[in-house]
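Understanding the architecture of this molecule
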Amino acid sequence: MPYQQILEDIAREVAPLAGAGKVASYIPELAKVPPGHFGMALITLDGRLYTTGDAHERFSVQSISKVFTLSLVIQHIGERLFERVGKEPSGNPFNSLVQLEYEQGIPRNPFINAGALVVTDELMRHQPDAKAAVLDFVRRLSGTPTIQYDPAVAASERQTGFTNAALANYLKSHRNLYHDVDQVLDAYFHHCSLSMSCVELARSFLFLANHGVLPATGERLLSASQAKRLNAILLSCGFYDEAGEFAFRVGLPGKSGVGGGIAALMPGRWAVAVWSPEINRHGNSVRGMKALELLTTLSGESIF
Ligand code: GLN
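Criteria and cut-off values
Residues numbered from 1 in each chain as written. Predicted model: local features only at pLDDT ≥ 70, side-chain atom pairs only at ≥ 80, totals over all residues. Heavy atoms only, no water. Near = heavy atom within 4 Å. Polar contact = N/O pair within 3.5 Å; in protein donor to acceptor, adjacent residues only side chain to side chain. Areas by Shrake-Rupley, 256 points an atom, 1.4 Å probe, with all protein chains shown as cover. Nonpolar A, V, L, I, M, F, W, Y, C, P; charged D, E, K, R; others polar. Salt bridge = Lys/Arg side-chain N within 4 Å of Asp/Glu carboxyl O. Helix = DSSP H or I, 4+ residues; strand = E, 2+ residues; numbered from the N terminus. Buried < 20%, exposed > 50% of the residue type's maximum accessible area, 1.4 Å probe, protein only. Lys, Arg positive; Asp, Glu negative; His and termini not counted. Contact = heavy atoms within 4.5 Å. Pairing = 2+ DSSP bridges. Axes fitted to C-alpha atoms, helices over the stretch in contact; angles between N-to-C directions. Phe/Tyr/Trp six-rings, centres within 6.5 Å; stacked < 30°, edge-to-face > 60°. Lys NZ or Arg CZ within 6 Å of the ring centre and 35° of its normal.

The immediate surroundings of the ligand are formed by Y26, Q62, S63, F94, N113, E157, N164, Y188, C192, Y240, G257 and V258. A distance of 2.8 Å is found between an oxygen atom of the ligand and a backbone nitrogen or oxygen belonging to V258. Expressed as a share of its isolated accessible area of 300 Å², the protein-covered part of the ligand is 99%. Classifying every residue of the shell around the ligand gives 6 nonpolar, 5 polar and 1 charged.

Structure representation (structure tokens):
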């Protein structure tokens, strides 16, 4: 498959969409990112890497980090997590308070913010230093020991994260949070502030395309069944109230973040990451979604 040619064609085709979205501004530090960036990286299971644009530049992965925390918790307690959080698509914004109230403190799925706060809280029961655990995990996944949190982004979100604080307090009032609200928020905001490039993200998603085994080392991180189920949740919940749209247009399990990144994978073949900071009103990258739609169209590869 001529992936290099495909990526270059995609970069050209999405360029006119510049200006069609807005850089996230509710986290002030993210508003400083120049809107024009576009990068994309695809890596195959046998290690062939294809890139275009700003594929090596690091950005704030935001909610893509929810895949890493969820993977770690599944490693520790498997499906028992789903006693505390559901696995149904939310059809609601990622930070919805209303839904959490209706559902009496049991978040609809692990990828909305309320669900990710529960996942972080669960991780802290097994890994008291949840910040170090996630950092160590992504460094192993990507084979890149230099990956760091961005303290300015974490602090910026801490100062303005009133909705996340409300969600965490509401979870606590329903006894669905073991640790202190502030401790959970601190770990969660740090996870969201992970700074990674498209190349590093694509590499970090490869184990999900490989039945739970990290291709670079042969290490099994999840059972084949766990990896399959995580992919199912990515497909149904990875894009919040646009999960249906993403499945319809792209047809891959994936996860977005308000930093403008999207990581996705084709089971048995490759993982891909794209970054373009301008997002739509659902919090998903405009050019990123279009780029992935073009990838599955031009390559003829999707899970459907
Ligand atoms: N850190 C962001 C938040 O909690 C993550 C949201 C996202 O990327 N969708 O609001």
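Glancing now at the pattern of salt bridges. Applying the stated rule across the entire model yields 17 salt bridges. Two residues, R84 and D121, come together in a salt bridge whose shortest N-O distance is 2.6 Å. In this pair, R84 sits in the loop between α2 (65-77) and α3 (97-102) while D121 sits in helix α4 (residues 113-126), placing the two residues 37 residues apart along the sequence. Accessibility expressed as a relative area gives 0% for D121, which makes it buried. Among the charged side chains, a network of salt bridges with common partners joins R84, D121, E122 and R125.

The topology assignment puts K66 in helix α2. Buried within the structure, K66 lacks any salt-bridge partner; E157 is the closest side chain of opposite charge, at an N-O distance of 7.5 Å. Here the side chain of K66 touches N113 through a polar contact of 2.6 Å, side chain to side chain.

When you line up the elements, S60 lands in strand β4 (residues 59-60). A residue is classified by how much of its surface remains accessible, and S60, at 10% relative accessible area, is buried. Reaching out from S60, the side chain makes a polar contact with the side chain of Q62 at a distance of 2.9 Å. Those residues in contact with S60 that sit more than four places away from it in its chain are L30, V153, C192, S193, L194 and G259.

Once that is clear, we can look at the sheet that holds strand β3 (residues 49-53). Whether parallel or antiparallel, the strands of a sheet pair through hydrogen bonds between backbone atoms. Across the sheet, 5 strands lie side by side as β3-β2-β9-β8-β7; this open sheet has antiparallel pairing. If you trace the sheet from one side to the other, it starts and ends with β3 and β7 (254-256), each paired once. Put simply, the sheet's adjacent strands are angled 5° from each other on average, direction ignored. Strands β2 (39-44), β3 and β9 (270-275) of the sheet are contacted by helix α1 (residues 3-14), whose axis makes an angle of about 20° with β3.

What follows deals with the packing of aromatic side chains. This structure, assessed with the given rule, holds 9 aromatic pairs. Consider the rings of F94 and Y240, whose centres lie 5.2 Å apart with planes at 50°: the pair is tilted. One end of the pair, F94, is in the loop between α2 and α3; the other, Y240, is in the loop between α10 (224-237) and α11 (243-249), with 146 residues separating them in the sequence. We classify Y240 as buried; its relative accessible area is 4%. A cation over a ring is seen here: K87 above F82, with NZ or CZ 5.3 Å from the ring centre. The aromatic ring of Y178 is capped on one face by R125, whose charged end is 3.8 Å from the ring centroid.

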